[in-house]
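Structure assessment
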Amino acid sequence: MTATTTPTPLAAATAAETAVGTAARSPRPRLRDLSLPANIVLAVVALLSYVPIYFMVNNALRTGPEMQVAPFALPSAPRWENFAFAWEASGYAYPQTLLIVSVSVLGIAVTTLASAYAFARLRFKEKEIWFYTIFGLLLIPGFITLIPLYVQIVDFGLIGTPWGLVLPYLAGGQALGVVVLRSAIESIPEELFEAAKLDGAGHLWQFVSIAVPLARPLVIALALLNVVGLYGDYVLPSLILQGEGATVSVAITGFTPPAFSPNLDTFNIQLAAFTIASVPIAILVLVLMRYFVSGLSQSAVRL
Amino acid sequence: MSAAVAAPVRRSTAARRHVLERLAAVGFLLPTLALVLVFCYFPAFRAGYTSLTRWDGFNAPEWVGLENFVQVFADADFRQSAINVAIWTLFGVPLAIIPSFIVAELIFRLRSDRLQYVWRAIFTAPLIIPPVVSVLIWQFLYGPEGPINTVLSTLGLESLTRSWIADPQFALFALIFLGFPWVSAFNVLIFYSGLKAIPREVIEASALDGAGRWRQFFTIEIPLTFGQWKLLLVLSIIGVTQNLTTPLLLTGGGPGNSTLTPVLYMYQGAITYGNYGFGMAVGTILFVVVLALSIFNMRILRTSE
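Residues numbered from 1 in each chain as written. Chains lettered and ligands numbered in written order. Predicted model: local features only at pLDDT ≥ 70, side-chain atom pairs only at ≥ 80, totals over all residues. Heavy atoms only, no water.

Looking at the interface of chain A and chain B
Put simply, the test is: Whether two residues are in contact is decided by their heavy atoms: any pair within 4.5 Å suffices. Accessible surface is computed with a 1.4 Å probe, and the buried area is the amount of it that two parts give up when combined, taken over both parts together. Think of a salt bridge as a Lys or Arg side-chain nitrogen and an Asp or Glu carboxyl oxygen that are within 4 Å of each other. As used in this structure description, the phrase polar contact means that two N or O atoms lie within 3.5 Å; if the pair is within protein, one of them must be able to donate a hydrogen and the other to accept it, and residues adjacent in sequence are counted only when both atoms belong to side chains. Counting from the N terminus, the helices are DSSP H or I runs at least four residues long and the strands are E runs at least two residues long. Each residue gets one label: Ala, Val, Leu, Ile, Met, Phe, Trp, Tyr, Cys and Pro are nonpolar, Asp, Glu, Lys and Arg are charged, and the others, such as Gly, are polar.
If you look at the interface, chain A gives 99 residues, while chain B gives 95 residues. Note on chain A versus chain B: buried area summed over both sides is about 8900 Å², and carbon and sulfur give 77% of it. Summed over the shared surface of chain A and chain B, the result is three salt bridges. Two residues, Glu 21 of chain B and Arg 123 of chain A, come together in a salt bridge whose shortest N-O distance is 3.7 Å. Across the contact surface, chain A and chain B share twelve residue pairs in polar contact (both at pLDDT 80 or more). Among the elements that line the side of chain A that touches chain B, the one with the most residues is helix α14 (residues 266-302) of chain A, at 16 residues. Looking at the side of chain A that touches chain B residue by residue, the classes come out as 70 nonpolar, 18 polar and eleven charged.

So this is what it looks like as structure tokens:
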């Protein structure tokens, strides 16, 4: 699964192509053109993929009876109260969740970068043993450690504290990050490091001034993956943080609307809570779409 | 004279650099290794050890050897959960892979790079819905008064309406088919990058040979994205077998045992009934099976490459 292509064959191919001539030249390699049918099929699949999202946002703005009659009709008059009730019941979870997720994701980025640098650039005896110790974790599925991990967090007295979640998250993010970033740092041209060494740079400075900036796009892509994964995580937080300390995914699952909200609209208020829960990731995806689209595939290639 | 002095000095600087490099390595690696050993490896070993004991989570564990495993294999509920997860894997893994491949392929064949980007973005955006939310929305879509039944009623098919996840005959398949049309942003992007990596010459040569779109599909695009198929096959099998959230939130394994899976059984054994040894025995068995499946897949797919 290593796919670090050297630039030479690519350059050769482009050169050959220009040499072959411009007679049969097309902007892209000539596959049979499927554009129109392909666009139609893609549009239909995309529409179907968006049905649950549409259903959620739309009915978050309606009343229970309205939804019962026509689940997919547009709201007659948007009921913004639903969102107020939903926030009343689940808003408490946001500050702590955002804190837990950002500390974990930043921590994963820093620690995996450091380890990846050590594996890529330093010489020490037991290097490959340690690397495979970390790589091997990709083969241990999360469920096997779920229960003992929970027991251990109880033992450490971390139950009900944010650290009870942050520490396992930090640990859980290591394997993928180290493996992907090691390969990324290894593909940085040797001359850059040599030049820095001549200037008298030690490993810490080479790490900060060369490895970190050049690995940045991949680090951001991995961080985004981690944000999405951790923000949506449910089982571990449901065991470790309860009640007022709950994370968003737990808070909206065991959702009870405020007592003074209309009974018939309970489910719509819950949908409003779901909609609010989607907003943080939606903002992230919209702002950083470029990194999502290019970074995800890049990290897959380096796996 | 100067050479005689210089040699040991040089050796000692080399040795010092060596020591420094080792120290640097320790510094760079320490956080990762500490985290991984304490929060990944130790719990994994503890899982293995606990499976050989009788333990309620509070008192000292009592060594019972393989008793838990004997008990698990003799357990009818466990056998049912194994059958359920086998069915889930059989249907769920193709659903996780094939629709995403088709979407990636359609995007790849578009002429305009700009349009390709737009479609990739459109299929990436559903990531915004947390998985828990998606599961709970489907709970309603499947419900007795949900839109699926509304549609069936308007088509005059009232006899088919039911509470899909409360019907023992349909519950498991309702969970498997949850997420229609099953296009995963992650998988689409992986396949797309695989298709993009196919050398241009290969495609151009086949077009010159007059290969039609189906020939190109089967003789070039599928074989040359084998790495991606392999990766996603292994990831999907692990994903399906360890999917705890869906049955935990929607059915709790019911009605009857119709949606009980081994992971859920493990969870219930330990968390709900406080029988940690039994739960970990289930987990250990599942781990061995998943690992064997992954290795088997790698082997099979490597030989056919």
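Points about the side chain of Gln 228 of chain B
For Gln 228 of chain B, the location among the structural elements is in helix α11 (residues 226-241). Excluding residues that lie within four positions of it along the chain, Gln 228 of chain B makes contacts with Ile 190, Phe 191 and Gly 194 of chain B.

With respect to the pattern of salt bridges
For clarity, the threshold we go by: Working definition: with a 1.4 Å probe on protein chains only, accessible area under 20% of the residue-type maximum means buried, over 50% means exposed, and in between means partly exposed.
For the structure shown, the criterion picks out 14 salt bridges over all chains. A salt bridge links Arg 79 of chain A to Asp 265 of chain A, with the shortest nitrogen-to-oxygen separation between them at 3.2 Å. Taken together, the residues span a long stretch of sequence, with Arg 79 of chain A in the loop between α3 (64-69) and α4 (81-90) and Asp 265 of chain A in the loop between α13 (248-253) and α14 at a distance of 186 residues. The pair Arg 79 of chain A / Asp 265 of chain A is uniform in exposure class, with both members buried. For Arg 109 of chain B, the salt bridge goes to Glu 221 of chain B, with nearest N and O atoms at 3.1 Å. Here Arg 109 of chain B, found in the loop between α3 (76-108) and α4 (113-124), pairs with Glu 221 of chain B, found in helix α10 (residues 213-224); they are 112 residues apart in sequence, far enough to count as distant. Considered together, Arg 109 of chain B and Glu 221 of chain B belong to a single accessibility category, that of buried residues. The network of salt bridges with shared partners includes Arg 79, Glu 81 and Asp 265 of chain A.

As for unusual backbone geometry
Residues and elements named next belong to chain B. Of the consecutive residues Phe 180 and Pro 181, the connecting peptide bond is found in the cis state with omega at 0°. By the secondary structure assignment, Pro 181 is in the loop between α7 (171-177) and α8 (185-196). The omega torsion of the bond from Gly 254 to Pro 255 falls at -10°, within 30 degrees of zero and hence cis. On the secondary structure map, Pro 255 appears in the loop between α12 (245-250) and α13 (262-272). Located in the positive-phi region is Trp 182, a residue other than glycine, with phi close to 60°. Along the chain, the position of Trp 182 falls in the loop between α7 and α8.

Considerations on the packing of α3 of chain B against α4 of chain B
A pair of packed helices is captured by two measures, namely the crossing angle of their axes and the spacing between those axes. Residue and element names in this part refer to chain B. Convention followed: Fitted lines through C-alpha atoms give the axes, limited to the stretch in contact for helices. The angle between two N-to-C directions lies from 0 to 180 degrees. Put simply, angles under 35 degrees are roughly parallel, angles over 145 are roughly antiparallel, angles from 65 to 115 are roughly perpendicular, and the rest are oblique.
Running from N to C, α3 and α4 cross one another at 160°; their axes reach a closest spacing of 9 Å. Here α4 runs roughly antiparallel to α3, going by the angle between their axes. Residues Val 103, Ile 107 and Phe 108 of α3 form the contact with α4, whose own contacting residues are Gln 116, Trp 119, Arg 120 and Phe 123. Residue classes in the contact of α3 with α4 are distributed as five nonpolar, one polar and one charged.

Quick word on the packing of aromatic side chains
All names here are of chain A. Our working rule: Classification of ring pairs rests on two measures: the distance between centres of Phe, Tyr or Trp rings, Trp counted by its six-membered ring, which must be within 6.5 Å, and the angle between planes, read as stacked under 30 degrees, edge-to-face over 60 and tilted in between.
Within the structure shown, the criterion is met by 35 aromatic pairs over all chains. Aromatic side chains Phe 119 and Phe 124 sit 6.3 Å apart centroid to centroid with 40° between the ring planes, which places their arrangement in the tilted category. Phe 119 gets classed as buried once you look at its relative accessible area, which sits at 0%. Note on Phe 124: relative accessible area 11%, which makes it buried.

Side note on helix α6 (residues 127-135) of chain A
How we decide: Directions pointing from the helix axis toward each C-beta atom define the arc.
Here α6 of chain A has its buried residues at Lys 127, Phe 131, Thr 133 and Ile 134 of chain A. Down the axis of α6 of chain A, the smallest arc covering the buried residues is 155°, so these residues share one side.

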